[in-house]
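Each chain, written out:
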Amino acid sequence: MKLCRIGQPGQEKPALVDRDGGLRDLSGILPDLGGAALSAAGLAKLAAIDPASLPLVAGSPRYGVPVAGTSKFICIGLNYSEHAAEANLPTPPEPIVFLKANSAICGPNDDTVVPLNSTKLDWEVELGIVIGETARNVAPDKALDVVAGYCVINDVSERAFQMQSTQWDKGKGCDTFGPTGPWLVTRDEIPDPQALGMWLTVNGKTMQDGNTRTMIFDVRTIVSYVSRYMTLMPGDIIATGTPSGVGMGKKPEPIWLKPGDVVELGIAGLGQQKQAIVPYR
């Protein structure tokens, strides 16, 4: 299934994408797409519904974040060796874990706002993992059992802020720095999350063109590893790192985003996003 939340910020309602690409209103079935609805049992109930029995959504509504009730937005750094190389950093021997502020999370096509005093605004297309079951110390061979599905994420980053200290959070957690969606695509539709093409363009020019098969740490490893250190809850999101091609690594000079730029990105089977870069307001 492709599940989503549509409507203006703070007023989103759950929906699903039918076989013809139409949006079907789920708000008469469940209040929102979070909590128990993301569990294996909850998703099985949704899968049993005939989409044709649900109201068809008219027009082109805004896509919101595809899950509700996210308690943690977790990120994995330097998870592609070529990206580590372009950042002039060593390949990590174990996953690098940091948190992105929940207030950074926004819809997939919402504007990206340039923060005050920003000088080095960058992009990162990433595979997102959405957790569906509470998980603590889950074994790698059981890790996918707690995954509800996958989504597209742009881990927007302000490199000047990020590199001001050993802690990256300042450069990762600004408002609008977490475009997520458009859909939560359930795990049954993505049999191999390590075989997904991914891309990103700026003003129509390809900047990133990669594949999740080149991850250093795969989805199973990441979910298991993170669950050792914090309890994963339904609706939690894990961004799994970006391939090479970020602005910071461009030669001969870095390329930074500026107001007026347009970023588009996507992952095979998971949909795509589009953000306009706008000044602080």
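For the structure, see preceding data.
Residues numbered from 1 in each chain as written. Predicted model: local features only at pLDDT ≥ 70, side-chain atom pairs only at ≥ 80, totals over all residues. Heavy atoms only, no water.

Engineer: Would you mind going over unusual backbone geometry with me for this structure?
Structural biologist: Of all residues except glycine, most have a negative phi; of all peptide bonds, most are trans. Omega for the bond connecting glycine 181 with proline 182 falls within 30 degrees of zero, at 20°, which places this linkage in the cis form. Along the chain, the position of proline 182 falls in the loop between strand E12 (178-179) and strand E13 (184-186). Omega for the bond connecting lysine 251 with proline 252 falls within 30 degrees of zero, at 5°, which places this linkage in the cis form. Positionally, proline 252 belongs in the loop between strand E16 (237-239) and strand E17 (262-267). (Helix = DSSP H or I, 4+ residues; strand = E, 2+ residues; numbered from the N terminus.)

Engineer: Could you clarify how one ought to interpret the sheet that holds strand E15 (residues 205-211) in this entry?
Structural biologist: Either a parallel or an antiparallel arrangement is found when strands of a sheet pair, and the pairing is made through backbone hydrogen bonds. What the 5 strands build is an open sheet, ordered E7-E18-E17-E14-E15; its pairing is mixed. This sheet does not close on itself; its edge strands, each paired only once, are strand E7 (112-113) and E15. Here strand E14 (residues 197-202) pairs with E17 via 5 bridges, running antiparallel. Within E17, the residue paired with leucine 200 across the bridge is leucine 265. (Pairing = 2+ DSSP bridges.)

Engineer: Explain the side chain of glutamine 162 here, please?
Structural biologist: In this structure, glutamine 162 sits in helix H3 (residues 159-162). Of the polar contacts made by the side chain of glutamine 162, one reaches the side chain of arginine 159; its length is 2.9 Å. Apart from the residues within four sequence positions on either side, glutamine 162 is in contact with Ser157, Gln167, Trp168, Gly171 and Lys172. (Polar contact = N/O pair within 3.5 Å; in protein donor to acceptor, adjacent residues only side chain to side chain. Contact = heavy atoms within 4.5 Å.)

Engineer: For this particular structure, what's the right way to read the packing of aromatic side chains?
Structural biologist: Aromatic ring pairs are described here by two measures, namely the spacing of the ring centres and the angle between the planes. In the structure shown here, the tally under the stated rule is 2 aromatic pairs. Ring centres of phenylalanine 98 and tryptophan 168 lie 5.4 Å apart, and the angle between their planes is 70°; on these two criteria the pair is classed as edge-to-face. Linking phenylalanine 98 in strand E5 (residues 96-100) with tryptophan 168 in the loop between H3 and helix H4 (169-172), this pair joins segments that are 70 residues apart in sequence. Comparing phenylalanine 98 with tryptophan 168 shows no difference in burial state: the two are buried. (Phe/Tyr/Trp six-rings, centres within 6.5 Å; stacked < 30°, edge-to-face > 60°. Buried < 20%, exposed > 50% of the residue type's maximum accessible area, 1.4 Å probe, protein only.)

Engineer: Explain the pairing of strand E9 (residues 125-131) to me, please; I cannot follow it from the model alone.
Structural biologist: A regular strand carries its side chains on alternate faces of the sheet. Of all the 7 residues making up E9, 7 are buried; the element is thus mostly covered by neighbouring parts of the structure. Judged by which residues are buried, E9 turns out to be covered on both faces: Val125, Leu127, Ile129 and Ile131 on one side and Glu126, Gly128 and Val130 on the other are all buried. Alignment of E9 against strand E10 (residues 147-154), held across 7 bridges, turns out to be antiparallel. Among the inter-strand pairings, valine 125 is bridged to a residue of E10, identified as asparagine 154. Here 3 bridges tie E9 to E16, and the two strands are oriented antiparallel to one another. Across the sheet, the residue bridging to isoleucine 129 is isoleucine 238, located in E16.

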